[in-house]
Amino acid sequence: MTVTSLRDGYVDMPVRRLRQPGDIAFGDDLPSQVSLVDGALRLSVNAFAIDDGNDITLIDTGSSNAWRSTMGHLPEALREAKIATGRIRTVAFTHTHLDHIHGLILADGGDGFPQLSRLLVPRAELDMFREVARLERFHDRAQPFDAGQRLGANIETIAAAGHEVGHTCFRVTSAGETLLIWGDTVHVPSLQFDRPEIAWEFDADREQARASRLRLLALAADSACFVAGAHLDSPGVGRVFRTETGFRFEPV
Ligand SMILES: [Zn+2]
């Protein structure tokens, strides 16, 4: 099995997206460890291709031209990685926010993955997906999946609701190693490993998102697996370790 990190681009977000317990935004008390670019939080946007030697399963697809122009570079990332889009037979979403789903359709309107045979959407978000007008031609093709369901011999799905109602992680095991593709478990790596209680304004349920983040960080640290994050700095793969008060991330 080979997993490739694909960079769709980045998105700059205001600091107020970060939320302390009690839904309090930061002001002058923003911890100095938070890395900013021109005063904004710069989130990498990553997708991950899992190649089992036959077919490729793509986890998330970037945002194509549906959001900001700093994203939509997935096709170039695939070319750079020498991954033919025709080999991608399965696409599965961690959740249905726009920076994860719109790559199904290219900026020119064509299909991103011409040989797509399985389009997997978390069951709790199937209706949300079917409300996205730009992706109308995929509404009927989308199949729901449930956390705990296997996508193949080596890919297992894990419930991680909170950021969104159906937010799901994908655990890939191969040759004695494990990689947890954890979607939007962490948005701001410079802060949320150290302080996992800090939530994100766009979390559908911040309390639940906090609990899921804590559980997944503990799982990653205690099982010594690799993690891959949609918004960890590209390529967004590394290991998690416990510290005295929280966690820390060590990129590979
Ligand atoms: Zn996201």
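Residues numbered from 1 in each chain as written. Predicted model: local features only at pLDDT ≥ 70, side-chain atom pairs only at ≥ 80, totals over all residues. Heavy atoms only, no water.

(A) Local environment of the overall build of the chain. Looking only at helices and strands, the chain has five helices and 16 strands in total. Relative to the globule expectation of 18 Å for 252 residues, the C-alpha radius of gyration of the chain, 17 Å, shows essentially globular dimensions. If you line up the chain on its principal axes, its C-alpha atoms span 50 × 40 × 35 Å. Burial statistics for the chain: of 252 residues in total, 50% are counted as buried. Look at the contacts in the chain between residues 6 or more apart in sequence, and 67% of them connect residues 24 or more apart. Carbon and sulfur atoms make up 47% of the accessible area of the chain, which amounts to about 11000 Å² in all. Of the side chains in the chain, 26 bear a positive and 35 a negative charge, and the two mean positions are spaced by 3 Å. (Helix = DSSP H or I, 4+ residues; strand = E, 2+ residues; numbered from the N terminus. Rg over C-alpha atoms; globule rule 2.2 N^0.38 Å. Buried < 20%, exposed > 50% of the residue type's maximum accessible area, 1.4 Å probe, protein only. Contact = heavy atoms within 4.5 Å. Areas by Shrake-Rupley, 256 points an atom, 1.4 Å probe, with all protein chains shown as cover. Lys, Arg positive; Asp, Glu negative; His and termini not counted. Charge placed at Lys NZ, Arg CZ, Asp CG, Glu CD.)

(B) Quick look at the environment of phenylalanine 138. Note on placement: phenylalanine 138 falls in the loop between helix H3 (126–129) and strand E8 (142–145). Note: C-alpha distance between phenylalanine 138 and isoleucine 105 (33 residues apart in sequence) is 9.5 Å. In this structure phenylalanine 138 touches Leu104, Ile105, Asp111, Leu116, Leu119 and Phe129, once residues within four positions along its chain are discounted.

(C) View of the packing of aromatic side chains. Counted under the stated rule, the structure contains four aromatic pairs. On the numbers, 5.0 Å between centres and 15° between planes, the contact of phenylalanine 193 with phenylalanine 249 is stacked. Remark: phenylalanine 249 occurs in strand E16 (residues 247–251) and phenylalanine 193 occurs in the loop between helix H4 (189–192) and strand E13 (199–200); sequence separation between them is 56 residues. Ring pairs connect the aromatic residues Trp182, Phe193 and Phe249, which therefore count as one cluster. Positioned over the ring face of tyrosine 10 is arginine 42, at 3.9 Å from the centre of the ring. Directly above the aromatic system of phenylalanine 226 lies the positively charged group of arginine 239, at a separation of 3.9 Å from the ring centroid. (Phe/Tyr/Trp six-rings, centres within 6.5 Å; stacked < 30°, edge-to-face > 60°. Lys NZ or Arg CZ within 6 Å of the ring centre and 35° of its normal.)

(D) Region of the structure containing the side chain of histidine 100. For histidine 100, the location among the structural elements is in helix H2 (residues 98–101). At 2.9 Å, the side chain of histidine 100 and the side chain of aspartate 60 are in polar contact. A polar contact of 3.2 Å, which involves the side chain of histidine 100, links it to the side chain of aspartate 99. In this structure, histidine 100 is in contact with Asp60, Thr61, Gly62, Phe93, Thr94, His95, Asp184, Ala230 and His231, ignoring residues within four places of it in sequence. (Polar contact = N/O pair within 3.5 Å; in protein donor to acceptor, adjacent residues only side chain to side chain.)

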